[in-house]
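Structure at a glance
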There are 2 protein chains.
Amino acid sequence: MYSDRIRLSSLHSKVMSADEAATHVVDGMTVGMSGFTRAGEAKAVPMALIKRAKDKPLKISLITGASLGNDLDGLMAEAGLLARRMPFQADAALRKAINGGEVMFIDQHLSHTVEQMRNHQIKKPDLAIIEAVAITEQGHIVPTTSVGNSANLALFADKVIIELNMAHNPNLEGLHDIYIPGERPNRQPIPLMKVDDRIGVSAIPVDPAKIAAIVITDQPDSYSTVTPPDDETQAIANHLIHFFKKEVDAGRLSNSLGPLQAGIGNIANAVMCGLIDSPFENLVMYSEVLQDSTFELIDAGKMVFASGCSITLSQRCNDRVFGNLEKYKDKLVLRPQEISNHPELVRRIGIIGINTALEFDIYGNVNSTHVGGTKMMNGIGGSGDFARNAHMAIFVTKSIAKGGAISSVVPMVAHVDHTEHDVSILVTEQGLADLRGLAPRERARVIIDNCVHPSYRDALNAYFEAACKKGGQTPHLLHDAMDWHTNLEERGHMLKGK
Amino acid sequence: MYSDRIRLSSLHSKVMSADEAATHVVDGMTVGMSGFTRAGEAKAVPMALIKRAKDKPLKISLITGASLGNDLDGLMAEAGLLARRMPFQADAALRKAINGGEVMFIDQHLSHTVEQMRNHQIKKPDLAIIEAVAITEQGHIVPTTSVGNSANLALFADKVIIELNMAHNPNLEGLHDIYIPGERPNRQPIPLMKVDDRIGVSAIPVDPAKIAAIVITDQPDSYSTVTPPDDETQAIANHLIHFFKKEVDAGRLSNSLGPLQAGIGNIANAVMCGLIDSPFENLVMYSEVLQDSTFELIDAGKMVFASGCSITLSQRCNDRVFGNLEKYKDKLVLRPQEISNHPELVRRIGIIGINTALEFDIYGNVNSTHVGGTKMMNGIGGSGDFARNAHMAIFVTKSIAKGGAISSVVPMVAHVDHTEHDVSILVTEQGLADLRGLAPRERARVIIDNCVHPSYRDALNAYFEAACKKGGQTPHLLHDAMDWHTNLEERGHMLKGK
């Protein structure tokens with residue numbers, strides 16, 4: 001039974017129910033789980049834990065790649081299962097528990113988590129629960145639709161539970177490239193020079209003696225909730241394509257631009273879709289999540305290779321890709337997020353990073369995470385890994401939100417995830433601000449003139465002029481700047497009197 | 001004449017006065033100059049330009065490694081010579097011009113400047129003025145006490161002026177290791193695995209045809225203004241050494257700790273001096289500036305190798321080092337700042353970065369640059385290059401300033417240079433906060449309990465408790481937080497009623 005999927009016969013005896021496997025998890029444990037932006041998460045054992053936690057208090061620290069699908073983050077939060085959670089999430093119920101102070105959320109750069117474990121800075125998992133399409137003759141784990149942190153979590157954990165998910169296309173095997181950086185002080189350079197280099201092995205080389213349980217499942221990943229481009233996201237894409245064209249014309253970029261990275265979500269996905277009708281050719285991606293746009297670009301003949309750490313697709317795109325995996329397989333690779341986001345590689349290959357901002361300020365500081373400076377939305381994710389070391393760090397957002405009550409461009413962001421030092425280009429549907437080589441006062445002029453919604457332009461100009469009268473490298477009137485955020489909270493609009 | 005120093009005889013005809021050489025600089029030019037934290041800056045030609053600018057308007061964009069010695073930054077600012085300045089400065093007169101909006105200051109991560117030039121993101125210099133101890137038989141430039149950005153500035157410039165400074169020990173030759181990363185998309189890994197690896201050449205390989213002038217000078221570098229440790233800096237050092245001991249005991253660090261990086265200035269220098277009386281052995285540095293403490297540690301037999309991009313010493317230490325260079329030469333290397341600060345290397349070798357904060361907040365965000373969120377102090381320097389990719393990012397500061405009118409720990413920093421994601425350890429003379437693996441609310445508790453001056457502890461506790469009542473991942477009361485900064489400005493003390 002399952003002998004084509006569990007190829008090391010000594011492991012056949014480890015097959016058991018999810019409830020039985022879940023007994024390996026005890027109160028207070030640090031648990032690592034597979035899963036990256038709704039792709040390839042363990043499904044059955046977490047559900048068994050949720051069931052248990054409802055009967056009897058059970059708290060764990062949960063470490064994953066990124067957010068989980070099948071509402072697991074929310075269900076675990078609601079069951080009171082989560083004492084601590086890192087490094088990313090994107091669930092309404094978990095978000096509520098985090099902002100209420102019930103779950104301690106450690107919001108990390110996604111390339112940092114396993115490096116910190118390796119170096120004894122944070123606790124290694126007691127147990128890892130990893131989704132697989134197969135277990136090799138050596139007992140090694142073949143991941144499913146994400147690698148994320150699965151390889152290191154499995155290698156660091158004392159025990160491993162495998163969820164063998166029959167719902168995934170077995171042809172996923174061969175897609176993964178598992179490379180683990182060596183221990184310091186003898187670490188060697190990561191030998192990746194091109195986005196399509198394969199530098200590792202195709203399965204996670206765990207010691208089979210650590211495999212405590214194998215659970216057979218048959219539940220698909222959740223679909224992404226990405227929506228088709230709208231007028232504003234199309235306008236953002238157009239501004240960016242126009243900018244790239246100018247860069248190519250000036251000889252500053254080649255006609256294949258450079259390795260592209262795109263953050264998750266509607267705006268970045270729409271921007272990438274915009275490249276279908278661009279003059280650029282032979283595009284490549286070196287990114288975290290491969291979304292619908294990646295496959296639209298491949299199908300359009302625009303993109304020749306995409307490296308990521310997970311594949312997360314909408315319902316519309318899912319069957320097209322996973323039902324025809326052989327068509328895409330030689331154009332794809334999935335790597336550990338430590339490698340997809342590694343500063344060494346981001347700097348070496350010169351990534352063009354396109355990420356979504358929650359808001360940015362007139363000097364180019366970006367808030368990716370905190371509404372009103374206090375409430376967590378999702379987390380910084382990989383945006384900092386890319387922006388900090390990228391060839392070009394681009395942040396995109398619509399200029400207004402909530403029917404105009406919110407301007408995404410503010411005098412001063414109330415939380416900084418990316419400092420002005422790390423931000424090259426800002427784009428809204430209004431236009432594009434090229435901040436390269438500019439001082440803060442010059443940045444403000446370019447941002448206000450190009451990115452701000454007309455309904456906020458006068459107010460930002462007035463702020464900037466008044467602040468400049470006071471002087472400084474980065475002129476500010478601190479309370480006036482904060483009024484924008486407190487007005488929104490107290491009166492429902494960022495500007496007084498609206 | 002100077003044939004031992006100018007070994008390519010065809011260049012002998014290029015020797016001229018500083019005034020004559022300075023005629024190569026014309027209004028509107030982008031000029032690159034050697035110099036990194038008072039070490040190895042061009043001296044005579046800038047003075048000639050200052051003289052010219054006083055007679056007749058002359059404006060340039062000036063790009064260096066970091067700050068200049070011999071008051072040049074201030075004298076250039078006062079002469080109205082500087083239209084733009086990047087990537088760092090540390091001069092009172094220039095600071096005033098920057099904050100007044102007269103000089104556009106582009107405050108950059110120090111590893112970014114030449115990478116941005118190479119990739120056509122910022123303008124390359126029209127002309128470079130580089131201090132040298134010798135010109136080789138090939139016409140290549142042997143730098144003096146800093147490499148900084150000199151190699152790339154000279155290679156990118158159309159014309160090069162060399163200042164051959166007879167005041168430097170000629171034995172500096174052989175100390176430098178010039179490595180230039182290749183062009184993308186074919187860039188290879190940087191082949192440095194250990195702090196003492198030599199990966200480049202010992203002189204800057206410029207085309208001699210570009211050398212437009214050679215000026216003979218005899219003026220020494222300025223001394224650093226570093227002061228001996230005081231009670232507070234000694235206490236900071238003690239807290240950090242105690243922490244390192246615990247890390248060693250727990251097996252998380254070896255007894256030689258790891259490659260150390262220390263920011264410039266009194267506090268970081270004092271912390272490094274504190275290691276002389278520590279139990280750690282065979283220390284190595286991989287840092288920007290090698291200061292007094294580096295040589296104290298070498299003399300004490302504690303440090304076996306130091307890699308930097310400049311040597312900047314106090315008067316007390318200067319003769320001891322440069323008068324006995326042969327004693328130290330096999331324990332030192334000077335590299336381009338792009339390499340001393342490179343994210344690939346910082347991550348690979350696992351640097352322990354120790355940098356000075358201007359202030360930090362209860363959640364661990366650090367302000368390194370802006371007084372009151374508006375006025376530039378010096379610049380971010382290399383602190384972000386190190387903190388962002390380090391094994392351990394440590395920030396140090398005294399808990400209070402101005403006789404207690406300022407708390408260095410505030411509810412919310414008014415300018416963020418290093419986000420909470422990039423900060424591992426905070427230390428004041430009060431104690432040490434280990435933030436690794438903690439959520440923001442936990443960080444606040446640890447920071448307030450360990451780092452805050454007693455005279456501010458109640459106020460910060462009250463702020464944190466009130467903010468938590470409002471909720472959020474990072475609880476804040478925006479106006480209450482800003483009051484600390486505006487109280488200081490308006491009433492001379494951060495707390496109301498004082």
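What you see is a predicted model, and the numbers here were worked out from it, not measured in a lab.

1. Remarks on helix 17 (residues 478-491) of chain B
With 14 residues, helix 17 of chain B extends 19 Å from end C-alpha to end C-alpha; this agrees with the ideal 20 Å at 1.5 Å per step. Along its length, helix 17 of chain B reaches its greatest deviation from straightness, about 35°, at Trp484 of chain B. Considered for burial, the residues of helix 17 of chain B that qualify are Leu478, Ala481, Met482, Asp483, Trp484, His485, Thr486 and Asn487 of chain B. Tucked into the core, helix 17 of chain B has its buried residues touching helix 17 (478-491) of chain A together with strand 17 (359-361), strand 23 (406-407), strand 24 (409-410) and helix 16 (454-470) of chain B.

2. Quick word on unusual backbone geometry
Here the residue pair Arg184 of chain A and Pro185 of chain A is connected by a cis peptide bond, since its omega of 10° sits within 30 degrees of zero. Inspection of the secondary structure puts Pro185 of chain A in the loop between strand 8 (159-165) and strand 9 (211-217). A positive phi angle is found at Lys402 of chain A, which is not glycine, with a value near 45°. Of note, the phi angle at Asn70 of chain B is positive, near 55°, even though the residue is not glycine. Here Asn70 of chain B lies in the loop between strand 2 (60-63) and helix 3 (72-78).

3. A word on the nonpolar core
Residues Phe244, Leu257, Phe295 and Ile394 of chain A are the most contacted members of the largest nonpolar core, which totals 78 residues. In terms of residue count, the dominant contributor to this core is helix 7 (residues 231-249) of chain A (seven residues). Composition of this core by domain shows at least three residues from each of domain 1 (2-217) and domain 2 (231-491) of chain A. Once residues within four sequence positions are removed from consideration, Phe295 of chain A is found in contact with Leu290, Ile311, Leu313, Cys317, Arg320, Val321, Tyr328 and Leu332 of chain A. If you look at the next biggest cluster of nonpolar residues, it comprises 77 residues, including Met86, Leu260, Leu290 and Ile298 of chain B.

4. Thoughts on the pairing of strand 8 (residues 159-165) of chain B
All names here are of chain B. Here strand 8 lies mainly inside the structure; six of its seven residues are buried. As defined by bridge partners, strand 5 (residues 127-132) adjoins strand 8 across six bridges and the pair is classed as parallel. The residue bridging Glu131 from the neighbouring strand is Glu163, located in strand 8. Examined bridge by bridge, strand 8 and strand 9 (residues 211-217) share six bridges and lie parallel to one another. Paired with Glu163 across the strands is Val215, a residue of strand 9.

5. With respect to the relation of the copies chain B and chain A
Between chain B and chain A, which share one sequence, the superposing operator has a rotation angle of 180° and an axial displacement of 0.0 Å; the RMSD is 0.0 Å. Look at the turn and shift together and you get a two-fold axis relating the two. Residue Glu344 of chain B of chain B places its C-alpha closer to the rotation axis than any other residue of that unit, at 2.0 Å. By residue overlap, the copies meet face to face through one surface: 100% of the interface positions of chain B are interface positions in chain A.

6. Some remarks on the environment of Leu478 of chain A
Position of Leu478 of chain A among the secondary structure elements: in helix 17. When the C-alpha positions of Leu478 of chain A and Pro411 of chain A are compared, they lie 9.1 Å apart, and in sequence the two are 67 residues distant. Apart from residues lying up to four places away in sequence, Leu478 of chain A is in contact with Met412 of chain A together with Gly372, Ala414, Met482, His485 and Thr486 of chain B.

7. Brief notes about the environment of Val289 of chain A
All names here are of chain A. Note that Val289 resides in strand 12 (residues 289-290). Judged by relative accessible area, which is 2%, Val289 ranks as buried. C-alpha separation for the pair Val289 and Ser310, spaced 21 residues apart in sequence, amounts to 4.9 Å. What Val289 contacts, discounting residues up to four positions off in sequence, is Phe36, Thr37, Ala262, Ile264, Ser310 and Thr312.

8. Some points on the interface of chain B and chain A
Across the contact, 79 residues belong to chain B and 79 residues belong to chain A. Counting each side, the surface lost to burial between chain B and chain A is near 6700 Å², with a carbon and sulfur contribution of 49%. The tally of links between chain B and chain A comes to ten salt bridges. We note a salt bridge from Arg348 of chain B to Glu344 of chain A, for which the minimum N-O separation is 3.2 Å. In this assembly, chain B and chain A are joined by 59 residue pairs in polar contact (both at pLDDT 80 or more). Secondary structure elements with two or more residues in the side of chain B that touches chain A: helix 4 (92-99), strand 4 (104-105), helix 13 (343-349), strand 20 (375-376), helix 14 (383-389), helix 15 (440-451) and helix 17 of chain B. In terms of residues, the side of chain B that touches chain A owes the most to one element, helix 17 of chain B, which gives seven residues. Taken together, the residues of the side of chain B that touches chain A sort by class into 23 nonpolar, 34 polar and 22 charged.

9. Some words on the pattern of salt bridges
On inspection of all chains with the given rule, the structure shows 64 salt bridges over all chains. Between Glu115 of chain B and Arg347 of chain A there is a salt bridge, with the nearest N and O atoms lying 3.3 Å from each other. Of this pair, Glu115 of chain B sits in helix 5 (residues 113-118) while Arg347 of chain A sits in helix 13 (residues 343-349), placing the two residues on different chains. The class of Arg347 of chain A is buried, set by a relative accessible area of 2%. When the shortest N-O distance is used, the salt bridge between Asp19 of chain B and Lys51 of chain B registers 2.9 Å. With Asp19 of chain B in helix 1 (residues 18-22) and Lys51 of chain B in helix 2 (residues 44-55), the pair connects residues that are 32 residues apart, well separated along the chain. Asp19 of chain B sits in the partly exposed class, given a relative accessible area of 39%. What you see here is one network of salt bridges that share partners, running through Glu115, Arg118, Arg184, Arg187 and Glu338 of chain A together with Arg347 of chain B.

10. Looking at the packing of helix 17 of chain A against helix 17 of chain B
Where helix 17 of chain A contacts helix 17 of chain B, the two axes come as close as 10 Å, and the packing angle between them is 175°. With respect to their mutual orientation, helix 17 of chain A and helix 17 of chain B come out roughly antiparallel. Where helix 17 of chain A abuts helix 17 of chain B, its residues Leu478, His479, Met482, Asp483, His485 and Thr486 of chain A lie against Leu478, His479, Met482, Asp483, His485 and Thr486 of chain B. The residue makeup of the contact of helix 17 of chain A with helix 17 of chain B, split by class, is four nonpolar, six polar and two charged.

11. Thoughts on the UniProt feature "domain: Acetyl-CoA hydrolase/transferase N-terminal" (unreviewed entry) in chain A
Feature annotation in UniProt assigns "domain: Acetyl-CoA hydrolase/transferase N-terminal" (unreviewed entry) to the following positions: residues 11-215 of chain A. Across residues 11-215 of chain A, helical content stands at 22% and strand content at 18%; the span's end C-alpha atoms are separated by 11 Å.

12. Considerations on the sheet that holds strand 4 of chain B
Read from one edge to the other, the open sheet built from seven strands follows the order 4-3-2-1-5-8-9 (chain B), with strand pairing classed as parallel. Each edge of the sheet is formed by a strand with only one pairing partner; in this case those strands are strand 4 and strand 9 of chain B.

Here is what the cut-offs are and how they apply
Residues numbered from 1 in each chain as written. Chains lettered and ligands numbered in written order. Predicted model: local features only at pLDDT ≥ 70, side-chain atom pairs only at ≥ 80, totals over all residues. Heavy atoms only, no water. Helix = DSSP H or I, 4+ residues; strand = E, 2+ residues; numbered from the N terminus. Expected span 1.5 Å × (residues − 1). Bend = angle between axes of the 7 residues up to and from the residue. Buried < 20%, exposed > 50% of the residue type's maximum accessible area, 1.4 Å probe, protein only. Contact = heavy atoms within 4.5 Å. Core = buried A, V, L, I, M, F, W, Y, C linked by side-chain atoms within 4.5 Å. Domains from an automatic or database assignment. Pairing = 2+ DSSP bridges. Least-squares fit on C-alpha atoms with pLDDT ≥ 70 in both. Buried area = accessible area lost by both parts, 1.4 Å probe. Salt bridge = Lys/Arg side-chain N within 4 Å of Asp/Glu carboxyl O. Polar contact = N/O pair within 3.5 Å; in protein donor to acceptor, adjacent residues only side chain to side chain. Nonpolar A, V, L, I, M, F, W, Y, C, P; charged D, E, K, R; others polar. Axes fitted to C-alpha atoms, helices over the stretch in contact; angles between N-to-C directions. Parallel < 35°, antiparallel > 145°, perpendicular 65-115°, else oblique. UniProt positions renumbered as here; feature names shortened; annotations may be inferred.

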